[in-house]
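Coordinates in review
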Amino acid sequence: MELREITDRRGSAVWKATGPLGAVAIKLGHGADGEGAEITAREAAVLDALPEYTVTAGRSGPDVWYVTPWLAGLSTWELFRPVRDGSDVRSTALAGAVALCRAVAAFHAGGWVHGDLQPAHGIHTAGGVKLIDFAWSWRMGTDPWREFNGGITHLVAPELAAWITTGPQPVKPSQAADVYALAGVLWTCTTGGWPLDYDAAGIGVKDTSPAELRKAIAAGIPLTVGRPWPQLQAVLADVLIAPAAERPTADDLADRLTGVTT
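Residues numbered from 1 in each chain as written. Predicted model: local features only at pLDDT ≥ 70, side-chain atom pairs only at ≥ 80, totals over all residues. Heavy atoms only, no water.

Let us now look at the overall build of the protein. When helices and strands are counted, the protein shows nine helices and 10 strands. Its C-alpha radius of gyration of 18 Å places the protein within 12% of the 18 Å reference for a compact globule of 262 residues. The C-alpha extent of the protein, read off along each of the three principal axes, is 50 × 45 × 35 Å. Evaluated residue by residue, the protein yields a buried proportion of 45% over its 262 residues. In the protein, once contacts between residues fewer than 6 apart in sequence are set aside, the share between residues at least 24 apart is 62%. Within the structure as shown, the protein displays about 12,500 Å² of accessible surface, and the carbon and sulfur contribution to it stands at 55%. Between the centroid of the 21 positive side chains of the protein and the centroid of its 28 negative side chains there is a distance of 1 Å. (Helix = DSSP H or I, 4+ residues; strand = E, 2+ residues; numbered from the N terminus. Rg over C-alpha atoms; globule rule 2.2 N^0.38 Å. Buried < 20%, exposed > 50% of the residue type's maximum accessible area, 1.4 Å probe, protein only. Contact = heavy atoms within 4.5 Å. Areas by Shrake-Rupley, 256 points an atom, 1.4 Å probe, with all protein chains shown as cover. Lys, Arg positive; Asp, Glu negative; His and termini not counted. Charge placed at Lys NZ, Arg CZ, Asp CG, Glu CD.)

Rendered as structure tokens:
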């Protein structure tokens with residue numbers, strides 16, 4: 001069996017294990033504070049609740065691990081690389097954007113909120129897009145995790161940033177916030193940068209804590225002005241500037257993207 005480390009940070013390590021019968025992902029939550037184990041345990045619980053996923057989980061002392069089939073395919077970030085490189089090969093990326101939106105819509109239709117959509121959290125497999133990294137996901141109508149401080153800060157919806165900043169916990173991420181993050185993901189995959197213009201707002205990202213960034217996002221930050229794909233980004237901008245109650249659903253966003261030309 002071949003074992004390759006994919007990542008190891010913040011109490012979470014992932015390996016790809018390849019053998020004669022196929023490949024699996026192995027995730028281990030570790031760390032003295034127990035946070036890595038807790039996050040991995042709740043992600044395994046989400047995977048176990050989703051009928052289209054298979055997972056085996058267990059404990060090793062204070063640590064928690066799970067094994068799930070490896071998803072073969074490009075991430076959305078990788079799929080958009082030709083767009084960022086300027087090779088103008090856009091049809092595949094656009095189809096992938098629509099497919100990602102449909103996958104999020106299907107997840108929402110099951111009553112779930114993802115809570116941490118990122119450019120690498122959609123995998124474009126031969127059988128369609130599969131979402132990954134469910135550590136902050138929760139099923140609507142159930143109790144959310146005891147504390148939620150947002151996924152990646154640059155893609156947190158303004159209303160969610162405001163709730164995290166002012167409280168009270170537990171903060172409940174929403175499907176509308178997922179759609180904001182989804183539009184932000186596609187913007188980032190297109191441009192190579194985050195959608196918010198921190199420079200225009202006078203914010204030095206490297207010198208600003210996540211908590212301070214969330215305060216600024218809640219107050220409002222303009223979008224970046226670069227438009228390498230104007231028609232696509234016009235659709236995404238409409239989502240990113242809309243109040244939560246006026247945002248389209250993930251399915252609506254997919255429909256709008258089908259009208260974009262390459």
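Moving on, we get to the pattern of salt bridges. Throughout the structure, instances matching the rule amount to seven salt bridges. Between R42 and E38 there is a salt bridge whose closest N-O contact spans 3.7 Å. Highlighted residues: R42 and E38, both in helix α1 (residues 35–49), separated by four residues, approximately one helical turn. Overall, the relative accessible area of 7% leaves R42 in the buried class. A salt bridge links R247 to E159; the nearest nitrogen and oxygen atoms lie 2.7 Å apart. With R247 in the loop between α8 (230–241) and α9 (250–257) and E159 in helix α5 (residues 158–166), this pair connects stretches of sequence that are 88 residues apart. Note on R247: relative accessible area 9%, which makes it buried. Through salt bridges with shared partners, one network takes in E38, R42 and R146. (Salt bridge = Lys/Arg side-chain N within 4 Å of Asp/Glu carboxyl O.)

On to the state of the cysteines. Applying the stated rule across the entire model yields zero disulfides. The thiol of C101 is unpaired, and the distance to the nearest cysteine sulfur, on C189, comes to 11 Å. Judged by its relative accessible area of 0%, C189 is buried. (Disulfide = S-S within 2.5 Å.)

The contact between α8 and α9 brings their axes to 10 Å, and the two run at 155°. As judged from the angle between their axes, α8 and α9 are roughly antiparallel. Once α8 is placed against α9, the crossing between them reads as right-handed. For the pair formed by α8 and α9, the contact residues are L232, V235, L236 and V239 on the first element and L253, R256 and L257 on the second. Of the residues contributing to the contact of α8 with α9, the split by class is six nonpolar, no polar and one charged. (Axes fitted to C-alpha atoms, helices over the stretch in contact; angles between N-to-C directions. Parallel < 35°, antiparallel > 145°, perpendicular 65-115°, else oblique. Left-handed = near helix turned anticlockwise from the far one by under 90°. Nonpolar A, V, L, I, M, F, W, Y, C, P; charged D, E, K, R; others polar.)

Here is the key point about a regular strand: its side chains alternate between the two faces of the sheet. When strand β4 (residues 56–60) meets strand β5 (residues 63–69), the two strands line up antiparallel, connected through five bridges. Across the sheet, residue G58 finds its bridge partner in β5, namely W65. (Pairing = 2+ DSSP bridges.)

Looking now at the packing of aromatic side chains. This model, assessed by the stated rule, comprises four aromatic pairs. Ring geometry for F107 and W112: centres 5.9 Å apart, planes at 20°, overall stacked. Judged by relative accessible area, W112 falls into the buried class, the value being 7%. An aromatic cluster of three or more residues is present, and its members are Y53, F107, W112 and F134. One cation-aromatic arrangement involves R42 over W136; the distance from NZ or CZ to the ring centre is 4.0 Å. A cation over a ring is seen here: R84 above W77, with NZ or CZ 3.5 Å from the ring centre. (Phe/Tyr/Trp six-rings, centres within 6.5 Å; stacked < 30°, edge-to-face > 60°. Lys NZ or Arg CZ within 6 Å of the ring centre and 35° of its normal.)

With that settled, the discussion passes to the sheet that holds strand β9 (residues 128–131). Taken together, three strands build an open sheet; the order of strands is β6-β8-β9 and the sheet is antiparallel. Edge positions in the open sheet fall to β6 (74–75) and β9, since each of these has one partner strand only. Pairing analysis gives two bridges linking β6 to strand β8 (residues 122–125), with the strands arranged antiparallel. Note that in β8 the partner of L74 across the bridge is H124. Those strands touched by helix α4 (residues 91–109) are β8 and β9, and its axis lies near 50° from that of β9.

The next thing to look at is the sheet that holds strand β3 (residues 22–29). Strand order in the open sheet formed by five strands is β1-β2-β3-β5-β4, with antiparallel pairing between adjacent strands. With one partner strand each, in any of the chains shown, β1 (2–9) and β4 form the two edges of the open sheet. For this sheet, the mean angle separating the axes of adjacent strands, direction not counted, is 20°. Pairing analysis gives seven bridges linking β1 to strand β2 (residues 12–19), with the strands arranged antiparallel. Across the sheet, the residue bridging to R4 is K16, located in β2.

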